[in-house]
Amino acid sequence: RARGEPVHQAQGLVAPDVLARGTFVPPTLIEVDRIERLEREVFGPVLHVVRFRREDLDRLVERVNALGYGLTLGIHSRVDGKIERIVRRARAGNVYVNRNMVGAVVGVQPFGGEGLSGTGPKAGGPLYLYRLLSKCPADAALAELHAAVQAGARVPSVSHSDALESLRDWALRARPALAALCDHLASLNPVGASVGLPGPTGERNTYRLFARETVLCLAESEGDLLSQLALVLALGGKALCTRSALAPALLEELPMAVRSSLTLVDDWAGGGARFDAALHHGAQEARIAIQRKLAALPGPIVSLHGFDPGEAPLAIERLLVERVVSVNTAAAGGNASLMTIG
């Protein structure tokens with residue numbers, strides 16, 4: 001109201017004396033001129049409305065992503081192409097299409113957000129219990145996907161990283177252990193897979209795995225830093241390192257595809273660097289100091305995953321982003337499969 005934006009509220013639903021006894025908000029609709037007006041989450045019967053031109057849809061989704069919150073997203077459309085465009089670009093833990101946005105069911109719509117709305121894992125998802133352990137089998141994510149296949153779900157083949165292949169080929173010349181690690185990590189990569197989850201008739205639920213976009217790599221030795229780099233590249237992400245961690249001669253020696261997936265900064269804790277997970281090889285005392293610096297950074301919580309010096313960083317499940325898309329298939333003209341039920 002202070003900015004002159006239209007605010008519409010339902011009147012007469014609650015007696016004035018009841019409202020006077022606490023802080024209540026009646027169902028409220030607020031028209032805003034741009035999405036950036038929303039600076040924080042509001043949990044209540046409040047709906048913000050933004051008008052946009054059809055050709056600006058992709059840009060609008062990017063602006064929503066830029067807010068940093070990613071719990072749920074609702075889409076209502078009869079155009080499959082438009083739905084897929086939004087789903088492909090959205091960074092939200094749970095996307096609901098042509099249905100309400102509440103009532104997530106364990107094993108059907110594993111629930112959890114990303115960014116400022118959650119760090120993972122998804123409650124009720126296949127990786128939930130593994131993420132509660134300090135260590136778990138390196139193939140945990142793939143094992144759960146294979147279990148889903150045995151239950152009748154379909155898992156497409158996952159993508160492989162060209163940057164990882166370049167690192168492996170480079171390592172074959174003088175670092176056979178690193179080359180072997182690259183091969184092993186490639187065999188464990190679940191990124192790109194999608195699994196159809198069980199659910200009621202007239203609804204399609206799909207569980208998908210993505211890589212965290214940028215990972216901070218911290219190590220006290222060159223070998224450990226390269227192994228972290230292999231893990232990040234295996235999942236298709238990008239690595240962030242300090243310039244002092246990589247000798248100029250080594251950096252120059254790395255293949256171009258690897259260097260293109262690597263960002264160097266002078267000080268990762270300065271506030272200018274952006275990353276959504278961190279890896280550390282080294283002593284426990286150093287790790288505690290790093291955790292304090294991470295906790296002081298603005299923005300989403302960044303999880304730190306530690307390893308002993310020389311330990312292979314096989315924590316695949318720690319660098320995964322889980323998303324679920326739930327579609328009401330009976331909403332847009334009906335579901336033809338329903339006609340087969342006698």
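A look at the pattern of salt bridges
Part 1 of the argument: All chains considered together, the criterion is met by 19 salt bridges.
Part 2 of the argument: Residue Arg318 pairs with Glu317 through a salt bridge whose shortest N-O separation is 3.3 Å.
Part 3 of the argument: Overall, Glu317 belongs to the buried group, its relative accessible area being 4%.
Part 4 of the argument: Here the salt bridges share partners, and the residues they tie into one network are Arg3, Glu5, Asp33, Arg34 and Arg37.

Brief notes about helix H6 (residues 176–188)
Part 1 of the argument: With 13 residues, H6 extends 19 Å between its outermost C-alpha atoms, agreeing within 8% with the 18 Å of an ideal straight helix rising 1.5 Å per residue.
Part 2 of the argument: Leu178, Ala179, Leu181, Cys182, Leu185, Ala186 and Leu188 are the residues of H6 that are buried.

Structural notes on the sheet that holds strand S6 (residues 94–97)
Part 1 of the argument: Strand order in the open sheet formed by five strands is S5-S6-S15-S9-S8, and the pairing between neighbours is mixed. Unpaired on one side and paired on the other, strand S5 (72–75) and strand S8 (194–197) mark the two borders of the sheet. Here the average twist between neighbouring strands, direction ignored, is 20 degrees.
Part 2 of the argument: Sitting on the sheet, helix H3 (residues 80–89) touches S5, S6, strand S9 (203–211) and strand S15 (320–328), and the angle it makes with S5 is about 165 degrees.

Observations concerning unusual backbone geometry
Part 1 of the argument: We note that Asn98 has phi near 55 degrees; this positive angle belongs to a residue other than glycine.
Part 2 of the argument: Among the secondary structure elements, Asn98 is positioned in the loop between S6 and strand S7 (114–115).
Part 3 of the argument: Relative accessible area serves as the criterion here: at 15%, Asn98 is assigned to the buried category.

Focus: the pairing of strand S10 (residues 214–219)
Part 1 of the argument: Taken across its six residues, S10 has five buried, putting it largely inside the fold.
Part 2 of the argument: Here S10 runs beside strand S11 (residues 238–242); their pairing, made up of three bridges, is parallel. By the bridge assignment, Val215 is partnered in S11 with Ala239.
Part 3 of the argument: After leaving S10, the chain enters helix H7 (residues 222–234) and then returns to the sheet as S11, a path that is right-handed.
Part 4 of the argument: Sheet topology places S10 next to strand S13 (residues 277–281); five bridges connect them, and they run parallel.

Overview of the packing of aromatic side chains
Part 1 of the argument: Summed over the entire model, instances satisfying the criterion amount to one aromatic pair.
Part 2 of the argument: Centroid distance Trp268 to Phe275: 6.1 Å. Interplanar angle 70 degrees. Geometry classified as edge-to-face.
Part 3 of the argument: For Phe275, a relative accessible area of 11% gives the class buried.

Some points on the confidence of the model for the protein chain
Part 1 of the argument: Put simply, the protein chain has an average pLDDT of 88, and 93% of its residues get 70 or more.
Part 2 of the argument: Of the regions scoring below 50 in pLDDT, residues 338–342 engages in four contacts with residues more than four places distant in sequence or in other chains.

Describing a nonpolar patch on the surface
Part 1 of the argument: A surface patch of nonpolar side chains, about 380 Å² in accessible area, is lined by Leu13, Val14, Leu19 and Phe24.
Part 2 of the argument: Tracing the sequence through the fold places Leu19 in helix H1 (residues 16–19).

Brief notes about the packing of helix H5 (residues 162–174) against H7
Part 1 of the argument: At their nearest, the axes of H5 and H7 sit 8 Å apart, and the two run at 145 degrees to each other. Along this stretch, H5 crosses H7, giving a crossing that reads as left-handed. Residues Ala163, Leu164, Leu167 and Trp170 of H5 pack against Leu226, Leu229, Ala230, Leu233 and Ala234 of H7.
Part 2 of the argument: Taken together, the residues of the contact of H5 with H7 break down into nine nonpolar, no polar and no charged.

Focus on the sheet that holds strand S14 (residues 304–307)
Part 1 of the argument: Strand order in this open sheet of five strands is S12-S11-S10-S13-S14, and the pairing throughout is parallel. In the strand order of this sheet, the two ends are held by strand S12 (262–265) and S14, each with one partner. Neighbour-to-neighbour, the strand axes of this sheet turn through a mean angle of 25 degrees, independent of strand direction.
Part 2 of the argument: Sheet strands touched by H7: S10, S11, S12 and S13. Its angle to S10, the strand with the most contacts, is close to 165 degrees.

Describing the side chain of Arg318
Part 1 of the argument: Within the element layout of this structure, Arg318 appears in the loop between S14 and S15.
Part 2 of the argument: Excluding residues that lie within four positions of it along the chain, Arg318 makes contacts with Tyr130, Arg131, Leu133, Ser134, Arg212 and His305.

Thresholds applied
Residues numbered from 1 in each chain as written. Predicted model: local features only at pLDDT ≥ 70, side-chain atom pairs only at ≥ 80, totals over all residues. Heavy atoms only, no water. Salt bridge = Lys/Arg side-chain N within 4 Å of Asp/Glu carboxyl O. Buried < 20%, exposed > 50% of the residue type's maximum accessible area, 1.4 Å probe, protein only. Helix = DSSP H or I, 4+ residues; strand = E, 2+ residues; numbered from the N terminus. Expected span 1.5 Å × (residues − 1). Pairing = 2+ DSSP bridges. Axes fitted to C-alpha atoms, helices over the stretch in contact; angles between N-to-C directions. Contact = heavy atoms within 4.5 Å. Right-handed = clockwise from strand over helix to strand, strands pointing away. Phe/Tyr/Trp six-rings, centres within 6.5 Å; stacked < 30°, edge-to-face > 60°. pLDDT = per-residue confidence, 0-100. Patch = residues over 30% accessible without salt bridge, like charges linked within 9 Å, V, L, I, M, F, W, Y side chains within 5 Å. Areas by Shrake-Rupley, 256 points an atom, 1.4 Å probe, with all protein chains shown as cover. Left-handed = near helix turned anticlockwise from the far one by under 90°. Nonpolar A, V, L, I, M, F, W, Y, C, P; charged D, E, K, R; others polar.

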